[in-house]
Amino acid sequence: MSVTIKSEHEIELMREAGRILSIVHDEMSKIIRPGISTMDINRRGEEVIRSYGCIPSFLNYNGFPAAICVSVNEEVVHGIPNKKRILHEGDIVSLDAGVIYKGYHSDAARTHPVGVIAEEDQKLIDVTKQSFFEGIKMAKAGNHLFDISKAIQTYAESFGFSVVREMVGHGIGTKLHEEPQVPNFKPIGRGMKLRPGMTLAIEPMINRGKKEIWQLDDDWTCVTRDSQNSAHYENTVLITDGEPELFSYNKDLA
Ligand code: MG
C-alpha cells in the first residue's frame, strides 16, 4: 500500500475524529487518581467514544481485547486494561486511544501522573510530550520524513532518555495503520518527501533508561527490559504547506 493524500472532505472527517479524540483523552484524564483500575479508564474512554457515535479503533484490532491501551510505569505500550490492576500514588499511566468517525481514524496518546510522582518521571512525561512538538516543527511539505524522526530523537536523548525502536508512528486514514512508518529515531537516509494532505500519527515512546523492550506473555504488553519507566505522546497530524494541523490536540484539554 502506498501513502494516501487526503481530499478536503476526508480531512474534514479526520478533523472531527481528532476533535472527538481530544475530548476522550480529556475525559479519561479527569478520573485518574490512586485507587482506580486500568479497566475503569478503559470503560470511561469507551463510553465517551461511543457517546459521539464513534467506534474505538483498537477494540478487536488484531485481537486487542479493549478500547484503550493502558500502560503503567515500565509498560511502554499496549497494556491491556484489567479491573485488578489498580493505580497507585506515584505511578505514571500512558493512555493510547483511537476513534473511528465515519470511517476515518484518529489516534492519540498521553501519559499522566497518578497523584504525586517522582521529579524524574515528570521530566520524562514533559520531555516525551515536547519531543513530539520538536518533531512536528519539521512536519511540513518539502521537508523529509526523517527530519521529524531526527528532531524527536535529538531532543529526547539530550536529556539522557532513550527512544524505543521496535514501534513507530504511522500514516493514518481509513486504516489505523497506513504507510509510511514514522520512526522516532533517525534511520539511514532522509525518508520520503512530505506532501500536503498526508496524515500521520506521530508518537514518540521514550524510556528513562535503556531503549530495549520486550513483550509480556499476554502477547500485547510491551515493557522496558531494565524495568525503568516509559512515556508515550501522540497526535494525528495533517501535513500542509505551512504549519501542520494537529487534529487530536486542543491546548485547553489534556
Ligand atoms: Mg499510533
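First things first, this report covers the structure right here in the doc.

About the thresholds
Residues numbered from 1 in each chain as written. Predicted model: local features only at pLDDT ≥ 70, side-chain atom pairs only at ≥ 80, totals over all residues. Heavy atoms only, no water. Helix = DSSP H or I, 4+ residues; strand = E, 2+ residues; numbered from the N terminus. Rg over C-alpha atoms; globule rule 2.2 N^0.38 Å. Contact = heavy atoms within 4.5 Å. Lys, Arg positive; Asp, Glu negative; His and termini not counted. Charge placed at Lys NZ, Arg CZ, Asp CG, Glu CD. Polar contact = N/O pair within 3.5 Å; in protein donor to acceptor, adjacent residues only side chain to side chain. Buried < 20%, exposed > 50% of the residue type's maximum accessible area, 1.4 Å probe, protein only. Pairing = 2+ DSSP bridges. Core = buried A, V, L, I, M, F, W, Y, C linked by side-chain atoms within 4.5 Å. Donors = N, O, S within 2.8 Å, 3.2 Å for Na, K, Ca; no water. Axes fitted to C-alpha atoms, helices over the stretch in contact; angles between N-to-C directions. Salt bridge = Lys/Arg side-chain N within 4 Å of Asp/Glu carboxyl O.

### Observations concerning the overall build of the protein chain
Broken down by element type, the protein chain carries 4 helices and 15 strands. Taken over C-alpha atoms, the radius of gyration comes to 17 Å for the protein chain, in line with the 18 Å a tight globule of 254 residues would show. C-alpha extents for the protein chain along the principal axes are approximately 45 × 40 × 35 Å. Relative to all contacts within the protein chain whose residues are 6 or more apart in sequence, the contacts with residues 24 or more apart total 70%. A gap of 2 Å separates the mean positions of the 29 positive and 36 negative side-chain charges of the protein chain.

### Comments concerning the side chain of Asn-235
Positionally, Asn-235 belongs in strand β14 (residues 235–238). A polar side-chain atom of Asn-235 sits 3.1 Å from a polar atom in the side chain of Arg-110. If sequence neighbours within four positions are ignored, Asn-235 has contacts with Asp-107, Ala-108, Arg-110, Phe-132, Leu-200, Ala-201, Ile-202, Ser-248 and Tyr-249.

### What about the pairing of strand β5 (residues 104–113)?
For β5, a buried count of 9 out of 10 residues is recorded, marking the element as mostly surrounded by other parts of the structure. As defined by bridge partners, strand β4 (residues 92–101) adjoins β5 across 10 bridges and the pair is classed as antiparallel. Residue pairing for β5: Val-99 is matched across the bridge by Ser-106. Linking β4 back to β5 in an antiparallel pair, the connection comprises 2 residues, with Lys-102 at a positive phi of about 45 degrees.

### Let's talk about the nonpolar core
Counting residues in hydrophobic clusters, the biggest one holds 38 residues, and the most contacted among them are Val-24, Ile-41, Leu-87 and Val-93. Elements supplying a minimum of two residues to this core: α1 (8–30), α2 (38–51), β2 (68–72), β4 and β5. Of the residues forming this core, the biggest block, 9 residues, is contributed by α1. Not counting chain neighbours up to four residues away, the residues in contact with Val-24 comprise Gly-45, Val-48, Ile-49 and Val-99. Residues Phe-132, Val-182, Ile-239 and Leu-246 belong to the second largest nonpolar core, which totals 18 residues.

### Quick look at the coordination of the magnesium ion
Geometry reference: four tetrahedral donors at a metal, ideal angle 109.5 degrees. Six octahedral donors, ideal angles 90 or 180 degrees. Every protein donor of the magnesium ion is accounted for by Asp-107 (OD), His-170 (NE2), Glu-203 (OE) and Glu-234 (OE), and the metal-donor separations fall at 2.1 to 2.4 Å. Mapping the donors of the magnesium ion onto the primary sequence gives the spacing D-x62-H-x32-E-x30-E. Of this pair, His-170 sits in strand β7 (residues 169–171) while Glu-234 sits in the loop between β13 (230–232) and β14; the two residues are 64 residues apart in sequence, bridging distant segments of the chain. By relative accessible area, Glu-234 is classed as buried at 0%.

### What about the sheet that holds strand β12 (residues 222–224)?
On the basis of which strands lie adjacent, the open sheet formed by 3 strands has the order β3-β12-β11 and antiparallel pairing. Of all strands in the sheet, those bounded by a partner on one side alone are β3 (75–77) and β11 (213–215). Across the sheet, the mean angle separating the axes of adjacent strands is 40 degrees when strand polarity is ignored. When β3 meets β12, the two strands line up antiparallel, connected through 2 bridges. Residue pairing for β12: Val-77 is matched across the bridge by Cys-222.

### Quick word on the pattern of salt bridges
In the structure shown here, the tally under the stated rule is 15 salt bridges. The closest approach of N and O atoms between Glu-16 and Arg-19, which form a salt bridge, is 3.0 Å. Of this pair, Glu-16 and Arg-19 both sit in helix α1, 3 residues apart, which is roughly one turn of that helix. Beyond isolated ion pairs, a larger network of salt bridges with shared partners links Asp-26, Glu-27, Lys-30, Arg-44 and Glu-47.

### Notes on the sheet that holds strand β10 (residues 205–207)
Each strand in a sheet pairs with its neighbour through backbone hydrogen bonds, running either in the same direction (parallel) or in the opposite one (antiparallel). Taken in spatial order, the 3 strands line up as β6-β10-β13 in an open sheet, and their pairing is antiparallel. Unpaired on one side and paired on the other, β6 (162–163) and β13 mark the two borders of the sheet. Contacting β10 and β13, helix α3 (residues 119–136) runs over the sheet at an angle of about 35 degrees to β13.

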